[in-house]
Amino acid sequence: VKKEPIDPTGAGDAFAAGFVYGFLDYMSQNKDNCGITSHALKTSMLWGCASGCCCVGIDGASRPPEKKIIEQVLTGVQAVNEAESVKPPSGER
């Protein structure tokens, strides 16, 4: 769903906060992992992008986006990724 941005103020800070949250959350759930994996970075980037995306939909930077809204964006991204992974190869439609 495309929406027009309302205010980009704080989007970079929201990205950074989401990235750190995604990284720490991933690492806390994968304590066996002894290093930074590509999956940890992908999870962190997704959280950062979703947080920044949600931030531009709010007027001003004094109110951060709610976690449930960010999770809804992530659910949408996951659905798109799953749909992309089952597409037939080019020319086989």
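Residues numbered from 1 in each chain as written. Predicted model: local features only at pLDDT ≥ 70, side-chain atom pairs only at ≥ 80, totals over all residues. Heavy atoms only, no water.

S.K.: Just give me the short version of the pattern of salt bridges, but keep the residues and values in it.
M.R.: A side chain with one charge may pair with a side chain of the opposite charge, provided their charged atoms come close. Inspection of every chain in the model, using the stated rule, returns two salt bridges. In this structure, K68 and E66 form a salt bridge, with 3.7 Å as the shortest nitrogen-oxygen distance. Look at E66 and you get partly exposed, because its relative accessible area is 48%. In this structure, E71 engages K67 in a salt bridge whose closest nitrogen and oxygen atoms are separated by 3.8 Å. Taken together, the positions of E71 and K67, both in helix α3 (residues 67–85) and four residues apart, correspond to about one turn of that helix. You can call E71 partly exposed: its relative accessible area is 33%. (Salt bridge = Lys/Arg side-chain N within 4 Å of Asp/Glu carboxyl O. Buried < 20%, exposed > 50% of the residue type's maximum accessible area, 1.4 Å probe, protein only. Helix = DSSP H or I, 4+ residues; strand = E, 2+ residues; numbered from the N terminus.)

S.K.: How would you summarise the environment of F19 if you had to cite specific residues and measurements?
M.R.: For F19, the position within the fold is in helix α1 (residues 11–29). Residue classification places F19 among the partly exposed positions, given a relative accessible area of 24%. Residues F19 and S44, 25 residues apart in the sequence, show an inter-C-alpha distance of 4.5 Å.

S.K.: Could you give me a rundown of the packing of α1 against helix α2 (residues 38–55), with the residues and numbers involved?
M.R.: Contact geometry for α1 and α2: axes closest at 7 Å, N-to-C directions at 145°. The chirality of how α1 crosses α2 is right-handed. Here A11, A14, F15, G18, F19, Y21, G22, F23, Y26 and M27 of α1 come into contact with α2, specifically with H39, A40, L41, T43, S44, M45, W47, G48, C49, S51, G52 and C55. Each residue belonging to the contact of α1 with α2 can be placed in one class, and the counts come to 14 nonpolar, eight polar and no charged. (Axes fitted to C-alpha atoms, helices over the stretch in contact; angles between N-to-C directions. Left-handed = near helix turned anticlockwise from the far one by under 90°. Contact = heavy atoms within 4.5 Å. Nonpolar A, V, L, I, M, F, W, Y, C, P; charged D, E, K, R; others polar.)

S.K.: Help me get a handle on α1, residues and values and all.
M.R.: An α-helix turns once per 3.6 residues; consequently, residues spaced three or four apart project the same way. Counted at 1.5 Å a residue, the expected span for α1 with its 19 residues is 27 Å, and the 27 Å between its end C-alpha atoms agrees. Among the residues of α1, those classed as buried are A11, A14, G18, G22 and Y26. The arc enclosing the buried residues of α1, seen along the axis, measures out at 90°, which places them on a common side. Those residues of α1 that are exposed and aimed more than 90 degrees away from the buried face are G12, D13 and L24. (Expected span 1.5 Å × (residues − 1). Arc of directions from axis to C-beta.)

S.K.: Summarise the side chain of D7; cite the residues concerned and give the values.
M.R.: Following the sequence through the fold, D7 ends up in the segment before α1. If we skip the residues at most four places from it in the chain, D7 touches C55, V56, I58, D59 and G60.

S.K.: Provide a residue-level description of α2, including the pertinent values.
M.R.: Given a rise of 1.5 Å per residue, 18 residues ought to cover 26 Å, and the 25 Å separating the end C-alpha atoms of α2 matches this to within 8%. Those residues of α2 that fall on the buried side of the exposure criterion are A40, T43, S44, W47, G48, A50, S51, G52, C54 and C55.

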